[in-house]
Amino acid sequence: MLMPKPDPATLARRAEIVAALRAIVPGEGVIDAAASLRAYESDGLTAYRQPPLVAVLPETVEQVAAVLRYCRDHDVKIVPRGAGTSLSGGALPLADGVLLGLAKFNRVLEIDWDNRAVRVQPGVTNLAITRAVEHRGFYYAPDPSSQIACTIGGNVAENSGGVHCLKYGVTANNLLGLEFVTIDGEVLRVGGKHLDSGGYDWLGLLTGSEGLLGVVTEVTVRILQKPETQRAMLLGFPSVEAGGECVAAIIAAGIIPGGMEMMDRPAINAAEDFCAAGYPRDAESLLIVELDGPRAEVDELIGRVEAIARRCGADHLRISRDETERLSFWAGRKNAFPAVGRISPDYYCMDGTIPRKKLAEVLARTRQLSAEYGLGVANVFHAGDGNLHPLILYDANRPGELEKAERFGADLLRLCVEVGGVLTGEHGVGVEKRDLMPTMFDPVDLDQQQRVKCAFDPACLLNPGKVFPSLHACAELGRVHVHGGALRHPELPRF
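What you see is a predicted model; the values in this text were computed from it and never measured. (Residues numbered from 1 in each chain as written. Predicted model: local features only at pLDDT ≥ 70, side-chain atom pairs only at ≥ 80, totals over all residues. Heavy atoms only, no water.)

Draft legend 1. Looking closely at the environment of Leu423. Among the secondary structure elements, Leu423 is positioned in the loop between helix H14 (401-418) and helix H15 (443-456). The buried category is assigned to Leu423, whose relative accessible area is 2%. Separated by 52 residues in sequence, Leu423 and Ala371 have C-alpha atoms that sit 23 Å apart. Leave out the neighbours within four places in its chain, and Leu423 touches Asp351, Gly352, Leu413, Val417, Lys433, Leu436, Met437, Thr439 and Met440. (Helix = DSSP H or I, 4+ residues; strand = E, 2+ residues; numbered from the N terminus. Buried < 20%, exposed > 50% of the residue type's maximum accessible area, 1.4 Å probe, protein only. Contact = heavy atoms within 4.5 Å.)

Draft legend 2. Expanded view of the environment of Ala117. Locating Ala117 in the fold gives a position in strand E6 (residues 117-120). According to the relative accessible area criterion, Ala117 is buried, its value standing at 2%. With 58 residues separating them along the chain, Ala117 and Leu175 place their C-alpha atoms 9.4 Å apart. If sequence neighbours within four positions are ignored, Ala117 has contacts with Glu110, Ile111, Asp112, Leu176, Lys193, Thr220, Val221, Arg222 and Ile223.

Draft legend 3. Here's a closer look at the confidence of the model for the chain. Averaged over all residues, the pLDDT of the chain is 92; the fraction at 70 or higher stands at 94%. Per-residue pLDDT stays below 50 along residues 479-495; that stretch engages in 49 contacts with residues further than four places along the chain or on separate chains. (pLDDT = per-residue confidence, 0-100.)

Draft legend 4. Broad picture of the packing of aromatic side chains. In this structure the tally under the stated criterion is six aromatic pairs. Centre to centre, the rings of Trp113 and Phe138 are 5.5 Å apart; their planes meet at 50°, and the pair counts as tilted. Here Trp113, found in the loop between strand E5 (108-112) and E6, pairs with Phe138, found in strand E7 (residues 138-139); they are 25 residues apart in sequence, far enough to count as distant. For Phe138, a relative accessible area of 9% translates into the label buried. The interplanar angle of 85° and the centroid separation of 6.4 Å between the aromatic rings of Tyr139 and Tyr168 together place this pair among those described as edge-to-face. Placement of the pair is Tyr139 in strand E7 and Tyr168 in helix H6 (residues 165-168), with a sequence separation of 29 residues. Side by side, Tyr139 and Tyr168 carry an identical accessibility label, which is buried. Three or more aromatic residues joined by ring pairs make a cluster, and in this case those are Tyr200, Trp202 and Phe456. Over the ring of Trp113 we find Arg136, and its NZ or CZ is 4.2 Å from the ring centre. (Phe/Tyr/Trp six-rings, centres within 6.5 Å; stacked < 30°, edge-to-face > 60°. Lys NZ or Arg CZ within 6 Å of the ring centre and 35° of its normal.)

See the structure below:
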């Protein structure tokens, strides 16, 4: 795509911004070369790409605060970014905005064994937290599939989950405290090492806010002691509906597995080709059920789950014999996304959540939509909490296929809302789902949400263009601050 040549006034403003940022973050902390900025042009939603005006990589909280104050004073937009693994376009840059990268905030600050808490900077990867504490038998429970790369700051922004979120919760359930910087450059702390705080639930408000309210500079999480016993089961079924019925039956029996994931036949075979996890290739659906806790309890629950699976028609059943085999069962699920990448030139990863009892209905409708659009789909999802991750297969080199995949995905998300679910379980709204927000929220709901945004960021400079289908200035929502007329989302270049 040929971009128009900037006019002299734009070039002069850019040079002014770059010079100001270099005064705040000296050395190599400011990136303005066009070739280098390409590294930041998209996040995990690679269909949308836009190099930022400039990227700045601060190393201290003071520098973050100074950058935000400068942007506020000079009406410059800011897009916070962690590792860029977001799948909803939440870290997509703006052509006229600063990209604030937090990759240099990558230290584990404190491990408090007595309080079972760890303080880390936002650039620490999810898996690195577990690596830091596992020698003492502890771990950090939320485990997104991208945990080797995704950062804890990004997990907070999107309220990420993972395969073990059914029993141990998503990021919000494992978060104890935050330090964040407001658009005014004010450094605030909420929560701490204690389990709960009085007053308003600021942690709940900030978690999942997608960078619209402030920039997180420190995170305190709780760590858990590794269970005495962990065993995984592979349950294969002759139909997707039978697998969905088993999910509901396990939960209805009062059993809460450590993890319960489901894959359909295309995903099963892609994963098996990729890492030879021992999955049954002829199964139409596969459940991975992990039980953890004291050995006697795990043994009892395995027997109960096996009986339920048999009643639901399971025709394949394997139980892990040791830790190596348990990890191999999970390897296929953890690598499902790259595995599917081998069977299709491109895929579009969706994220919607539905009531568990609607699982069979939604999967049947997904197959119908697949036929209608003429696009394949591989289903991988957190079955226990109804968080679907259908992967729509397409080829971006074929004219119109990306647009077709997006329409297919939009129909799937509308279906999730229609059956009583929500637009996102853990990937966030970003730019991907912003125009679908009215399917779930009416104008009054959206205005109330935007009032919260205005309370933190009156000029709408923090990550504009994300989440809301139309972003209003504060005056339009009845506030006294006036910052111009309605702000519309920029057109996003697609490749």
